[in-house]
Amino acid sequence: MKTFLGLLLIALGLVTVWWWWFESARRCDAVDQQSQSLLSQGQELSALALIDDVDAHSHCGRFTSGDAPPQYTTLRVCIERLLGGSQRAELLRSLDEARGPMLRELAKSVPR
């Protein structure tokens, strides 16, 4: 009986990890589409915040092999546009408060 319960717990753990992995990949795909839409509307800060929020939970960078994830490129475009515009202070605040690994990495290369 203990063996059965142990195997059941292991199986439930594997199912949970499997679900979390695919749900994270789905969220990363969805945030890519949403952030592209925001970017095309000129809402760079919103796109940046959206990607950072999802990346903080899902670590979108792991779903690519060798190449930078599309969200990384979108973040770079947002940062470049915001650095040259009137929302530089808001950008720097967002970079200081970054939670996701991609934005934290990009924040290191932004001149202060």
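Up top is the structure.
Attention here is on the structure that accompanies the text. Per-chain numbering applies: the sequence of each chain, read as written, is numbered from 1 onward. For this predicted model, a pLDDT threshold of at least 70 governs which residues receive local features, and a threshold of 80 or more governs which side-chain atom pairs are given and counted, while totals over whole chains, interfaces and linings are taken from all residues. Working from all heavy atoms in the structure, the side-chain values ignore hydrogens and water.

1. Looking at the state of the cysteines
Cysteine pairs can be linked by a disulfide, which is a covalent bond between their two sulfur atoms.
So, step 1. Any pair of cysteine sulfurs within 2.5 Å is marked as a disulfide. The full count for this structure, using the stated rule, is one disulfide.
So, step 2. There is a disulfide in this structure between Cys-28 and Cys-60, and the S-S distance comes to 2.0 Å. The sign of the S-S torsion, about -85°, decides the handedness of the disulfide formed by Cys-28 and Cys-60: left-handed. On the criterion of sequence distance, the pair formed by Cys-28 in helix H1 (residues 2–40) and Cys-60 in the loop between helix H2 (44–58) and helix H3 (70–83) is long-range, its members being 32 residues apart. In this text, helices come from DSSP runs of H or I with a minimum length of four residues, and strands from runs of E with a minimum of two, each type numbered from the N-terminal end.

2. Some words on the nonpolar core
So, step 1. As used here, the term nonpolar core means buried Ala, Val, Leu, Ile, Met, Phe, Trp, Tyr and Cys residues forming a set that is joined through side-chain atoms within 4.5 Å. Summary of the burial criterion: residues with accessible area below 20% of their type's maximum are buried, those above 50% are exposed, and those between are partly exposed, where the area comes from a 1.4 Å probe applied to protein chains only. By size, the foremost hydrophobic cluster in this structure holds 23 residues, and its most contacted members are Leu-48, Leu-75, Ile-79, Leu-91, Leu-95, Met-102 and Leu-103.
So, step 2. Elements supplying a minimum of two residues to this core: H1, H2, H3, helix H4 (88–96) and helix H5 (101–107).
So, step 3. Among the elements that make up this core, the one with the highest residue count is H3 (five residues).
So, step 4. When checking whether two residues touch, look at their non-hydrogen atoms; a contact exists if any pair is within 4.5 Å. Each residue touching Leu-48, except ones within four places of it in the same chain, is listed here: Leu-75, Cys-78, Ile-79, Leu-82, Leu-91, Ser-94 and Leu-103.

3. As for a nonpolar patch on the surface
So, step 1. Taken together, the side chains of Met-1, Phe-4, Leu-5, Leu-8, Leu-9 and Leu-12 define a hydrophobic patch exposed on the protein surface, amounting to about 680 Å² of accessible area.
So, step 2. Among the structural elements, Leu-12 can be located in helix H1. Residues enter a patch when their relative accessible area is above 30% and they make no salt bridge; the linking distance is 9 Å between like charges and 5 Å between nonpolar side chains (Val, Leu, Ile, Met, Phe, Trp, Tyr). Where accessible areas are quoted, they stem from the Shrake-Rupley method and a 1.4 Å probe; at the residue level, only the protein chains shown are allowed to cover. Here, a salt bridge means any Lys or Arg side-chain nitrogen found within 4 Å of an Asp or Glu carboxyl oxygen.

4. Re H3
So, step 1. For H3, which comprises 14 residues, the first-to-last C-alpha distance of 20 Å matches the rise-based estimate of 20 Å (1.5 Å per residue) to within 8%.
So, step 2. Residues of H3 that are buried: Gln-71, Tyr-72, Thr-74, Leu-75, Cys-78, Ile-79 and Leu-82. For H3, the arc enclosing every buried residue in end-on projection is 160°, short of the 170-degree limit, so these residues lie on one face.
So, step 3. Buried residues along H3 sit against H1, H2, H4 and H5. Take the number of residues in a helix, subtract one, and multiply by 1.5 Å to get its expected span. The directions considered for the arc run from the helix axis to the C-beta atoms.

5. Here we look at the pattern of salt bridges
Oppositely charged side chains can form a pair if their charged atoms are brought close together.
So, step 1. Evaluation of the coordinates by the stated rule reveals four salt bridges.
So, step 2. Across the pair Glu-23 and Arg-26 runs a salt bridge, and its minimum N-O distance is 2.5 Å. Linking Glu-23 with Arg-26, this pair stays in helix H1, spanning three residues, or about one helical turn.
So, step 3. For Arg-99, the salt bridge is made with Asp-53, and the minimal N-O distance between the two is 2.7 Å. Of this pair, Arg-99 sits in the loop between H4 and H5 while Asp-53 sits in helix H2, and the two are 46 residues apart along the sequence.
So, step 4. Overlapping salt bridges bring together Glu-23, Arg-26 and Arg-27 as one network.

6. Re the packing of H1 against H2
So, step 1. Remark: H1 packs on H2, axes separated minimally by 9 Å, with the N-to-C direction vectors making an angle of 175°. By the angle between their directions, the pair H1 and H2 is classed as roughly antiparallel. The segment H1 lies against H2, with Trp-20, Ser-24, Arg-27, Cys-28, Val-31, Gln-34, Ser-35, Leu-38 and Leu-39 engaging Glu-44, Ser-46, Ala-47, Leu-50, Ile-51, Val-54, His-57 and Ser-58.
So, step 2. For this scheme, ten residues count as nonpolar: Ala, Val, Leu, Ile, Met, Phe, Trp, Tyr, Cys and Pro. Four count as charged, namely Asp, Glu, Lys and Arg, and the remainder, Gly too, count as polar. Each residue belonging to the contact of H1 with H2 can be placed in one class, and the counts come to nine nonpolar, six polar and two charged. Axis definition: a line fitted to C-alpha atoms, limited for helices to the stretch in contact. Angles are taken between N-to-C directions and run from 0 to 180 degrees. Note that the term roughly parallel is reserved for angles under 35 degrees, roughly antiparallel for angles over 145, roughly perpendicular for angles of 65 to 115, and oblique for everything else.

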